[in-house]
Amino acid sequence: MDMIIKLVNALLAVIAGVGGALILYWFLNKVVERLPNRTEDKVKPFVFIGPAVLLVSLFLLYPAIRTILLSLANAQSTAFVGLANYSKLLGNGEFRGVLFNTLLWMIIVPTAAVAVGLLIAVLSDRMNPRGEKLAKTLIFMPMAISLVGASAIWSVIYQAAPKGSEQPGLLNAIVTAFGGDPQAWLQFNTARINSLLLMVILIWLQTGFAMVLLSAAIKSVPEDTIEAGRIDGASEVAIFFRIVVPQIWPTVITVFVTVLLGTMKVFDIVNVMTNGSFNTDVIANRFYTELFTNGNAGNAAAIVVILMIAIIPFMVYQVRQFRKQEAER
């Protein structure tokens, strides 16, 4: 019964949303059509863009401004404390460790996802059409899995049992098969091994995305440039790095930045697998902990603002790259 109620509510929301938008724009169009022709042509674009701009301002700008104000208040948001929350966070060694861990995610995950995706794209493009489709489908399939679902799958792979008993986790089963001792991998924080194992999950998910875009970019490289390299006696490796890569570099950067932005906001994997324990915490999970576990709205808002400030340069760069590519077409 609850499921039926949810489905009905979802259906009503879709009908009301789409129907309401149609009625609104129909009404606005009728109003604008009553204006003189010259005025109508000038006003109509703003009338149709206006609701979208209003919604963006309401659901993006207002929360951002509100968050900044909350970051300047105390834990209960009852008194102004200035930059005290930022000072307390940045002066805390544990939080600096969280920032360092997040930085490792930002460096390793996008780099590995792009590198592996590019390698698979190159190798699959050399297969016959049927084999290429099958390989790309298998590599892309993890993209259909949620981060929580992927975490559940990999938690089984990393699972550990006491020494001498049967190992349910695939990784420990392999280790013990070669005479090693089982490890509680997610508690093994030497050299950040546990964090690296968590990163593998996101790399696994994002490799298919990188592969699809990079494969399309490789296929768009003019064949005559590759043939010219072969005529000049260049090896296949030289052709790839000196002819193919420079021509697909804008796509490589776009994929890298896109994966990077997602990585900076990673939360689900860490929260499900370790909840930030054993030195695996990242900035998004720390925000959740501060707000819902510690009840400190000031610290939580300050963490969000720090994340926003870190993301903005990459977003600006992404927009500039997109405009540059559009101008070159």
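What counts, and where the lines are drawn
Residues numbered from 1 in each chain as written. Predicted model: local features only at pLDDT ≥ 70, side-chain atom pairs only at ≥ 80, totals over all residues. Heavy atoms only, no water. Axes fitted to C-alpha atoms, helices over the stretch in contact; angles between N-to-C directions. Helix = DSSP H or I, 4+ residues; strand = E, 2+ residues; numbered from the N terminus. Parallel < 35°, antiparallel > 145°, perpendicular 65-115°, else oblique. Left-handed = near helix turned anticlockwise from the far one by under 90°. Contact = heavy atoms within 4.5 Å. Nonpolar A, V, L, I, M, F, W, Y, C, P; charged D, E, K, R; others polar. 1 Å grid on protein atoms, 1.4 Å probe; cavity = no way out; pocket = protein on both sides within 12 Å on 5 of 7 lines; lining within 4 Å. Points joined across faces, edges and corners; volume = space filled by probe spheres on them. Patch = residues over 30% accessible without salt bridge, like charges linked within 9 Å, V, L, I, M, F, W, Y side chains within 5 Å. Areas by Shrake-Rupley, 256 points an atom, 1.4 Å probe, with all protein chains shown as cover. Salt bridge = Lys/Arg side-chain N within 4 Å of Asp/Glu carboxyl O. Buried < 20%, exposed > 50% of the residue type's maximum accessible area, 1.4 Å probe, protein only.

## Topic: the packing of helix α4 (residues 93–125) against helix α5 (residues 129–140)
Phase 1 of the analysis: Two numbers describe how α4 lies on α5: the axes approach to 9 Å, and their chain directions differ by 160°. With respect to α5, the element α4 is oriented roughly antiparallel. Helix-helix and strand crossings are classified by hand; for α4 and α5 the assignment is right-handed. Residue-level contacts link Ile120, Ser124 and Asp125 of α4 to Glu132, Lys136 and Ile139 of α5.
Phase 2 of the analysis: Split by residue class, the contact of α4 with α5 holds 2 nonpolar, 1 polar and 3 charged.

## Considering the layout of surface pockets
Phase 1 of the analysis: When its volume is computed, the largest pocket comes out at roughly 410 Å³.
Phase 2 of the analysis: Around the largest pocket sit 18 residues that line it, and Val122, Arg126, Ile218, Ile226 and Val244 are the ones nearest its centre.
Phase 3 of the analysis: Elements that contribute at least two residues to the lining of the largest pocket include exactly α4, α8 (193–219), α9 (223–231) and α10 (236–264).
Phase 4 of the analysis: Among the elements that line the lining of the largest pocket, the one with the most residues is α10, at 6 residues.
Phase 5 of the analysis: Taken together, the residues that form the lining of the largest pocket break down as 12 nonpolar, no polar and 6 charged.

## Some remarks on a nonpolar patch on the surface
Phase 1 of the analysis: The grouping of Leu55, Val56, Leu58, Phe59, Leu60, Leu61, Ile65 and Leu69 at the surface amounts to a nonpolar patch, some 820 Å² of accessible area in total.
Phase 2 of the analysis: Among the structural elements, Val56 can be located in helix α2 (residues 37–71).
Phase 3 of the analysis: Of the residues examined, Val56 reaches a relative accessible area of 43% and is grouped as partly exposed.

## Concerning the environment of Leu70
Phase 1 of the analysis: Within the element layout of this structure, Leu70 appears in helix α2.
Phase 2 of the analysis: Of the residues examined, Leu70 reaches a relative accessible area of 23% and is grouped as partly exposed.
Phase 3 of the analysis: Leave out the neighbours within four places in its chain, and Leu70 touches Ser77, Asn85, Gly298 and Ala301.

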